[in-house]
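Descriptive structure summary
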Amino acid sequence: MEARSGEIMKENNRIQVDYLARVEGEAGFQINLDSAPPIEIKIFEPPRFFEGFLVGRKYDEVGDMVSRICGICPVSHMTTAIQAVEKAMGIVVSDQTRLLRKILSWSQIVASHLIHLYMLAMPDYYRYRGVVDMIPRFQTQIHRLMQMKETVNELTALIGGRALHPVTHLPGGFTSIPSSLQFSAILKKLEAIRGEAGQVVMDISQLDVPDFRTESVYVALKDSHDYSINQGRIASTTGLDIPVENYLDNFHESQVSYAYAKQSVDKDQKSFMVGALARMNIKYDQLLEESKKLAEKVGFSVPSRNPFLNNLAQSLEVFDGIERSIRLIESFHSQDERRQVRINPGDGGSVTEAPRGLLYHWYRINERGMVERANIVTPTSHNFLNMEKDLKKLVNENGKKGRDDLQGLCEKLVRAYDPCFSCSVH
Amino acid sequence: MDEKKKIGIFKYSCCAGCEFQLIYFQHYVLETLKAVDVTYCKMLQSGGTEEGPFHVALIEGAITEQWQADQLKKIRESSKYLIPIGSCAVCGGIPAVKNTSQELNVERRVYTNTSVIHSLKAHPVEHYVNVDGTIKGCPMGVRDLVELVKSLLLDITPQFLEYCVCVECKLRGNICVLVAYDEPCMGPVTNAGCGALCPSLNRGCYGCWGPMKDANARALADQFERMGLSREDISRCFTQFGEPAIEWKPGQVKS
């Protein structure tokens, strides 16, 4: 893959974006309007070879290292890896640890969605270059973003030590547990942004979403008693229902010639979609009643087959996540505990819901506690082929539009998926 | 008032966390963005040109491909100040962990077809161009970032933190985890700025801010050995965030 310079090239039969702005990481796309292959998302984010250099590192370094796969969802990589290592080594954690992990994960999902919605996606809809230009006209919204982001980051930092690349989270649990007093302080702040969270849904519901419908298959984690984030079975809208252990029997990832990210397909070699919209389509019933009411109010219902509505689904998760965090914290009673870890060889995988969707980590640990093999499949690898498929459909349906409009529409679709190219390559 | 200072922000091989830290650094961000003119930052906005000229170019990520090195040299020419931000750009960071193994072995574990991969040994920005200061941290520290922005606006030389994590531990009144609890701690050789985060939360520092200038890595490695750590374990401590950094070389001997 060559150096990227310039931004957009237009030829008669081609739309080419060399370096797509307002997404996490580095990628462009090329759409050949009258020749094959019609669509290629060129992910030129350079590989860092996490699965390569993790080999030979120790089990307790893995979480700290993989959090650096992504600056927007470090908690997801850290938690998924730690859970996989625990599975491999037969480590059982306390209920308190699981609860803290859940709050930590929700805080990050909300923070990530907020950034994506306001800073990466929204400028498309009001035709701005970026959020800086939006400041004069959208002061209320930007203020809302800042206030909410500050509070949820504070929550991540309270449990994790810092919001970006937390430090307290290790196999077996947390090195330090916040006191009940600290939790009651953050609770007040969370209660203060409850109303704002509802407004986020209203802000996003006002975006003029393109009318578009796909036949995508949606995949997400599902658990009988919770809108699950860190555990459960893998379910799809076409009837898949498998334990996490069977992940590799059902999903296959392979290298493509035009991207450093690999592309995933399901057992039938078909593409599928993961992320907030997939979660809504699979476990909408498990949202809090207040969230469902809000969804009804803004006219969101499932199944929803418009990928542009992924943004609205994310906004509903922002609301649900704040509300859920408040309840989880209210039920939390801080107890001292010691992490108990014994080195046992074995292998194990874990699947979680990162902000952008299904995330898989798998490790083989030897008798000295060293990683012998590692495998990481990210949400954007899961979505990669489906994004291309949707782009193709979008171009076919809007071929009569002017070139600039069509390109704008394509960019908007890619952003709606909330891709993370840094994650996808890793 | 003078014309706003033009800032360019570039991302190479990294998690983009420093850009997130920059773009979203909370209550400062709105004032800052009003005071300067960010003319190039792909994650923040479309448009802009990488050609510059820039008053300040901020670089995040390690350099792992030739085109990055080439572009970096051009940015150096068109920028008055060039500052690497965050461990990857400052000292190689996590992307440089791969330097501890044979490149092809690492690549083969990830890709079936390695003929399309053109990855170089991971190096910090300073390996290729002169820099005018560094903002350390993983993610980069807010204190040094604020210092940079203020200095930029006032046209004075920024004073970045240049002492080890131990100093911050003492200021916080922490009990030394290395001495009192026999916990391997990279604090004595790691640049400060985090506020001694890990030792304050019951674990040893793992060095994510990278080497402090003039760090005595040999002495700490010897101390780890006396504590019973294997050479291999010691080497791992000194390669997680600074494999290419000369300051930590004495700790990176495997056998």
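Shown above is the structure to which this text applies.
Residues numbered from 1 in each chain as written. Chains lettered and ligands numbered in written order. Predicted model: local features only at pLDDT ≥ 70, side-chain atom pairs only at ≥ 80, totals over all residues.

1. What to know about the overall build of chain B
Condition: Helix and strand labels come from DSSP, where a helix needs a run of H or I of at least four residues and a strand needs a run of E of at least two; each type is numbered from the N terminus. The globule rule is 2.2 Å times the number of residues to the power 0.38, and the radius of gyration it is compared with is taken over C-alpha atoms. Buried means a residue has 20 or more other C-beta atoms within 10 Å of its own C-beta, exposed means 12 or fewer, and partly exposed covers the counts in between; C-beta atoms are placed from the backbone.
Counting its regular elements, chain B contains eleven helices and four strands. Whereas a compact globule of 255 residues would reach a radius of gyration of roughly 18 Å, chain B reaches 19 Å, a difference of no more than 12%. Taken over the C-alpha atoms alone, chain B extends approximately 60 × 50 × 25 Å along its principal axes. Relative to its full complement of 255 residues, chain B shows a buried share of 52%.

2. Details of the overall build of chain A
Across its full length, chain A holds 15 helices and 14 strands. Relative to a compact globule of 426 residues, whose C-alpha radius of gyration would be 22 Å, chain A shows 21 Å and is just as compact. Overall, the C-alpha framework of chain A stretches about 65 × 45 × 40 Å when taken along its three principal axes. Counting only residues that meet the buried cut, chain A has 55% of its 426 residues in that class.

3. Some points on helix 3 (residues 74-89) of chain A
Threshold: Expected helix span is taken as 1.5 Å per residue step, with the number of steps being one fewer than the number of residues.
For helix 3 of chain A, which comprises 16 residues, the first-to-last C-alpha distance of 22 Å matches the rise-based estimate of 22 Å (1.5 Å per residue) to within 8%. Within two residues after helix 3 of chain A, glycine 90 of chain A carries a phi angle of roughly 70°, on the positive side.

4. Re the nonpolar core
Rules: When buried Ala, Val, Leu, Ile, Met, Phe, Trp, Tyr and Cys residues are joined through C-beta atoms within 7 Å, the set is termed a nonpolar core. An automatic or database domain assignment is the source of the domain bounds shown. Two residues qualify as being in contact provided that their C-beta atoms, derived from the backbone, are within 7 Å of each other.
Ranked by size, the top nonpolar core spans 205 residues in total, and within it Val85 of chain A together with Ile59 of chain B carry the most contacts. Ranked by the residues each element gives to this core, the list is headed by helix 4 (residues 95-125) of chain A, at 15 residues. The residues that make up this core include at least three from each of domain 1 (5-154) and domain 2 (165-251) of chain B. If sequence neighbours within four positions are ignored, isoleucine 59 of chain B has contacts with Phe10, Tyr12, Leu72, Leu82, Pro84, Ile85, Ala89 and Val125 of chain B.

5. Concerning the sheet that holds strand 14 (residues 371-377) of chain A
Residue and element names in this part refer to chain A. To keep it simple, the criterion reads: Here, strands pair whenever DSSP counts at least two bridges between them. Lines are fitted to the C-alpha atoms to define the axes, a helix being fitted only along its stretch in contact, and any angle between axes, read from their N-to-C directions, falls within 0 to 180 degrees.
Spatial strand order, 12-13-14: three strands in an open sheet with antiparallel pairing. The open sheet is flanked by strand 12 (346-354) and strand 14, the only strands paired with a single partner. Taking each pair of neighbouring strands and ignoring which way they run, the sheet shows an average axis angle of 10°. Note: strand 12 against strand 13 (residues 357-365), nine bridges, orientation antiparallel. Paired with glutamate 353 across the two strands is leucine 358, which belongs to strand 13. Against the sheet, helix 3 engages strand 12 and strand 13, with an angle of about 150° to strand 12. The sheet contacts of helix 13 (residues 379-397) involve strand 12, strand 13 and strand 14, and relative to strand 13 the element is tilted by about 130°.

6. Concerning the sheet that holds strand 4 (residues 79-85) of chain B
Residue and element names in this part refer to chain B. Reading across from one edge, 2-1-3-4 is the order of the four strands in this open sheet, with parallel pairing throughout. Single-partner strands in this sheet number two, and they are strand 2 (36-41) and strand 4. Pairs of neighbouring strands in the sheet enclose a mean axial angle of 25°, with direction left out of account. Across the face of the sheet, helix 3 (residues 66-77) comes into contact with strand 1 (5-11), strand 3 (54-60) and strand 4 while running at roughly 135° to strand 4.

These results come straight from atomic positions and should not be treated as a statement about function.
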